[in-house]
Amino acid sequence: MTPIVTLTLNPALDLAVETDAVIAGPKLRCSAPRVDPGGGGVNVSRVIKRLGGETLALVAIAGATGERLAAALTRENVPFWSLPAPGETRESLTVTDRTSARQYRFVLPGPAWRRGDVGAVLDTASQSVTRGQFLVLSGSLPPGVPEDFVAELAHRIAQAGGLLAADTSGGALAETSARAPRLDLLRMDEREAEALAGHALPEPGDSADFAEALVQKGVARRVVVSRGAEGTVMAGPEGRFHSRAAAVPVKSRTGAGDSFVAAMVLSLALGERPERALQAGMAAASAAVMTGATELCLAEDARRLIRECPVTEL
């Protein structure tokens, strides 16, 4: 298959540790850290690779931390291109409190970008795809990257005949929803959808209404809204669908969204029907919460759980 390209502007070297209890004041003795390459697009490529797909990760890497992230990707045999980036690649810390089993995530902002940095990435990304090929933009945008970046990227990818899937947040998500750049796929979580809608979305049908409105507005061909343990809703030209989350023990929710995007886009790239791609994504997300710390879904779990994530029409 044609490799699925991912783009990560704000990657992170993910460190995960455990401690007896997270309390203010005393030194907290931690376990030896688990180290993973992180950032939305990086994680999407890692999962695509695990699921047997072909991928190429475009990753903005800088400094000594960036070199460590690149080495971690190499260890996982994930093909990648290093994009020049300012400053130093950030780190992210996840701390699990053994007493309460609660997880605390400390996320740094990343280095500030300049206008020239942004232009160079847009050029490289648009030149990396051919007709019918997916590019996945996932993760936060670093400081200095304009909020209309997704819309500009969508324009360039469309000119190349490619397909853009996006899973971002904050001002970039709001700007994308306002500009209607006609992505192929846009994913967001329930909290983000409610913020954009300006009101609560208490039922799956409410999320489907909101997603369908974005589709009709021209924001994306298909819009997906994650509802956590209730599953995920999708609206698109084929209709409105809801895939239920599998009933599994939850160890960590880190990486569930990235696992979803990876499995869904891979299924679409392989020609699966969109509702089956939604189901595959939900199974991968369910598998991801079964793993600890910053681990992502395991392929055997994702495949096993597909039958436990039934799809219904809304």
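This text goes with the structure placed above it.
Residues numbered from 1 in each chain as written. Predicted model: local features only at pLDDT ≥ 70, side-chain atom pairs only at ≥ 80, totals over all residues. Heavy atoms only, no water.

Chemist: What should I look at first to understand the pairing of strand 6 (residues 90-97) in this one?
Modeler: Successive residues of a regular strand alternate their side chains across the two faces of the sheet. Counting buried positions along strand 6 gives 6 out of 8 residues, so the element sits mostly inside the fold. Pairing geometry for strand 2 (residues 12-19) and strand 6, over 8 bridges, is parallel. Considered in strand 6, the bridge of L15 is made with L93. Counting the residues in the hairpin turn of strand 6 and strand 7 (residues 103-107) gives 5 residues, including A101, whose phi is positive at 65 degrees. (Buried < 20%, exposed > 50% of the residue type's maximum accessible area, 1.4 Å probe, protein only. Helix = DSSP H or I, 4+ residues; strand = E, 2+ residues; numbered from the N terminus. Pairing = 2+ DSSP bridges.)

Chemist: Help me understand empty space enclosed by the protein, please; the structure alone is not making it clear to me.
Modeler: Following the criterion strictly, the structure yields 1 cavity of 30 Å³ or more and no others. Estimates place the volume of the largest cavity at around 60 Å³. Taken together, L9, N10, P11, A60, A62, A85, P86, E88, T89, R90, P111 and W113 make up the full set of residues lining the largest cavity. Residues belonging to the lining of the largest cavity are distributed by class as follows: 8 nonpolar, 2 polar and 2 charged. (1 Å grid on protein atoms, 1.4 Å probe; cavity = no way out; pocket = protein on both sides within 12 Å on 5 of 7 lines; lining within 4 Å. Points joined across faces, edges and corners; volume = space filled by probe spheres on them. Nonpolar A, V, L, I, M, F, W, Y, C, P; charged D, E, K, R; others polar.)

Chemist: So what exactly am I meant to see when it comes to the sheet that holds strand 13 (residues 239-243) here?
Modeler: Within a beta sheet, neighbouring strands are joined by backbone hydrogen bonds and run either parallel or antiparallel to one another. On the basis of which strands lie adjacent, the open sheet formed by 10 strands has the order 5-4-1-8-9-10-11-12-13-14 and mixed pairing. Across the chains shown, the open sheet's two edge strands, defined by having one partner strand only, are strand 5 (80-84) and strand 14 (311-313). Here the average twist between neighbouring strands, direction ignored, is 20 degrees. In this structure, strand 10 (residues 183-189) lies alongside strand 11 (residues 220-226), joined through 6 bridges in parallel fashion. Paired with R187 across the two strands is V224, which belongs to strand 11. Against the sheet, helix 7 (residues 204-217) makes contact with strand 10, strand 11, strand 12 (232-236) and strand 13, and its axis sits at roughly 155 degrees relative to strand 11, the strand it touches most. Helix 8 (residues 256-269) rests against strand 1 (4-8), strand 8 (134-138), strand 9 (163-167), strand 10, strand 11 and strand 12 of the sheet, and its axis sits at about 170 degrees to strand 8. (Axes fitted to C-alpha atoms, helices over the stretch in contact; angles between N-to-C directions. Contact = heavy atoms within 4.5 Å.)

Scope: geometric values only; no functional claims are made or implied.
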